[in-house]
Amino acid sequence: MQATRDGFEMPRHVAIIMDGNGRWAAARGLPRVEGHRRGVEALRKTVRAASDLGIAVLTIFSFSSENWSRPQSEIRDLLALLRRFIRNDLADLHKSNVRVRIIGERDDLSGDIRSLLEEAEDLTRGNDGLVLVVAFNYGARQEIARAARRLAIEVAAGRLSAEAITPELLARQLDLPDLPDPDVIIRTSGEQRLSNFLLWQAAYSELVFVPINWPDFDRATLESAIAEYRRRERRFGGLIAQTGS
Ligand code: IPE
Ligand code: IPE
Ligand code: MG
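Residues numbered from 1 in each chain as written. Chains lettered and ligands numbered in written order. Predicted model: local features only at pLDDT ≥ 70, side-chain atom pairs only at ≥ 80, totals over all residues. Heavy atoms only, no water.

**Section: the site of ligand 1**
Then comes step 1: Around ligand 1, a shell composed of 13 residues is seen, among which Asp19, Gly22, Arg23, Arg32 and Arg70 lie nearest.
Then comes step 2: Between an oxygen atom of ligand 1 and a main-chain N or O atom of Gly22, the distance comes to 2.9 Å.
Then comes step 3: One of the side-chain nitrogen or oxygen atoms of Arg32 is found 2.9 Å away from an oxygen atom of ligand 1.
Then comes step 4: The fraction of the free accessible surface of ligand 1 (380 Å²) that becomes covered by protein chains is 87%.
Then comes step 5: Elements represented by at least two residues in the shell around ligand 1 include exactly α1 (21-26), α2 (32-53) and α3 (72-95).
Then comes step 6: At 3 residues, the largest contribution of residues to the shell around ligand 1 is made by α1.
Then comes step 7: Across the shell around ligand 1, the residue classes break down as 2 nonpolar, 6 polar and 5 charged. (Near = heavy atom within 4 Å. Polar contact = N/O pair within 3.5 Å; in protein donor to acceptor, adjacent residues only side chain to side chain. Areas by Shrake-Rupley, 256 points an atom, 1.4 Å probe, with all protein chains shown as cover. Helix = DSSP H or I, 4+ residues; strand = E, 2+ residues; numbered from the N terminus. Nonpolar A, V, L, I, M, F, W, Y, C, P; charged D, E, K, R; others polar.)

Here you go:
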């Protein structure tokens, strides 16, 4: 956590599972894609709020490895929204000093999506404001398997001994080894599960489940989720912080 100007402690890394777009739309008799569109607006507000609040890293789950099992038409809509988001918002994000980073499997994405993701990373590489991590075509088990595969290659080549493999060494092979683990993972829509999101990094994250659908999320909901996080007592397997030695 880091202290802000007003003395409150802010989580350094907030991760969000943006869920419930479809239900938001269904509740209004609208097509699911309308929920996804409104979800992008909620995302814009949330990025601005996170930046203003002095959060260092915001990770958002935007498309999971398992979301490919949805109908083709919905996948097309989601990919179109991602393209539009990068084309329309990248310049603004850059102007706001946001650094965009991407996690997930890129190899099986189409060339145009891959280049857009690379463009977002390249343009904003030098920015030192909010780090916006976009989890796209992301699955935590896949990420951990990729890391294990890299270590196995090193062992097979004789450059690493199997005994040298520790949690720290494996963590260094994950998609963004230099970022701190999320302090808090927020999930909207009322579902209380991780759905293959950041399983390794979530070992000691606080989980906050909010009962509203993602398109209704805004600065106030972010602040109240952070307030809930602040009420938690983190122990990391030890005892409550004691004074003295
Ligand atoms: C989140 O909303 C967006 C993605 C998973 C891409 P959903 O599309 O999962 O909405 P619900 O959960 O069906 O309401
Ligand atoms: C998780 O939501 C993935 C994203 C928010 C991108 P899902 O809607 O895919 O998760 P499940 O299927 O309800 O577990
Ligand atoms: Mg969902």
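**Quick look at the packing of α2 against α3**
Then comes step 1: As a packed pair, α2 and α3 sit with axes 10 Å apart at the nearest point and diverge in direction by 25°. The orientation of α2 relative to α3 falls into the category roughly parallel. Helix-helix and strand crossings are classified by hand; for α2 and α3 the assignment is right-handed. Seen from α2, the contacting residues are Arg32, Val33, His36, Arg37, Val40, Leu43, Arg44 and Val47; seen from α3, they are Glu74, Asp77, Leu78, Leu81, Arg84, Phe85, Asp89 and Leu93.
Then comes step 2: Residues of the contact of α2 with α3, tallied by class, amount to 8 nonpolar, 1 polar and 7 charged. (Axes fitted to C-alpha atoms, helices over the stretch in contact; angles between N-to-C directions. Parallel < 35°, antiparallel > 145°, perpendicular 65-115°, else oblique. Left-handed = near helix turned anticlockwise from the far one by under 90°. Contact = heavy atoms within 4.5 Å.)

**Details of the site of ligand 2**
Then comes step 1: Residues in close proximity to ligand 2 include Ile17, Met18, Asp19, Phe61, Ser62, Phe63, Asn67, Arg70, Arg187, Arg193 and Ser195, which together make up its full environment.
Then comes step 2: One of the side-chain N or O atoms of Arg193 is found 2.8 Å from an oxygen atom in ligand 2.
Then comes step 3: At 2.6 Å, a side-chain N or O of Ser195 approaches an oxygen atom of ligand 2.
Then comes step 4: Starting from 390 Å² of accessible surface for ligand 2 in isolation, the protein chains cover 78%.
Then comes step 5: In terms of residues, the shell around ligand 2 owes the most to one element, strand β4 (residues 57-64), which gives 3 residues.
Then comes step 6: Of the residues in the shell around ligand 2, the class split is 4 nonpolar, 3 polar and 4 charged.

**Structural notes on helix α5 (residues 140-156)**
Then comes step 1: Taking 1.5 Å per residue, 17 residues should reach 24 Å; α5 reaches 24 Å between its end C-alpha atoms and fits that length.
Then comes step 2: All of the buried residues in α5 are Ala140, Glu143, Arg146, Ala147 and Leu151. Down the axis of α5, the buried set is contained in an arc of 130°. They therefore lie on one face. Facing away from the buried surface of α5 by more than 90 degrees, the exposed residues are Arg141, Arg149 and Ala156. (Expected span 1.5 Å × (residues − 1). Buried < 20%, exposed > 50% of the residue type's maximum accessible area, 1.4 Å probe, protein only. Arc of directions from axis to C-beta.)

**Examining helix α7 (residues 219-231)**
Then comes step 1: Here α7 contains 13 residues, and its C-alpha end-to-end distance of 19 Å stays within 8% of the 18 Å for a straight helix at 1.5 Å per residue.
Then comes step 2: Every buried residue belonging to α7 is among Thr221, Leu222, Ala225, Ile226 and Tyr229, and all of these are buried. Summarising the axial view, the buried residues of α7 lie within an arc of 135°, below the 170-degree limit, and thus occupy one face.
Then comes step 3: At its buried positions, α7 is contacted by β2 (9-10), β3 (13-17), α2, β7 (184-187) and β8 (206-209).
Then comes step 4: The opening residue of α7, the one whose side-chain oxygen lies 3.1 Å from the backbone nitrogen of Ala220, is Asp218.

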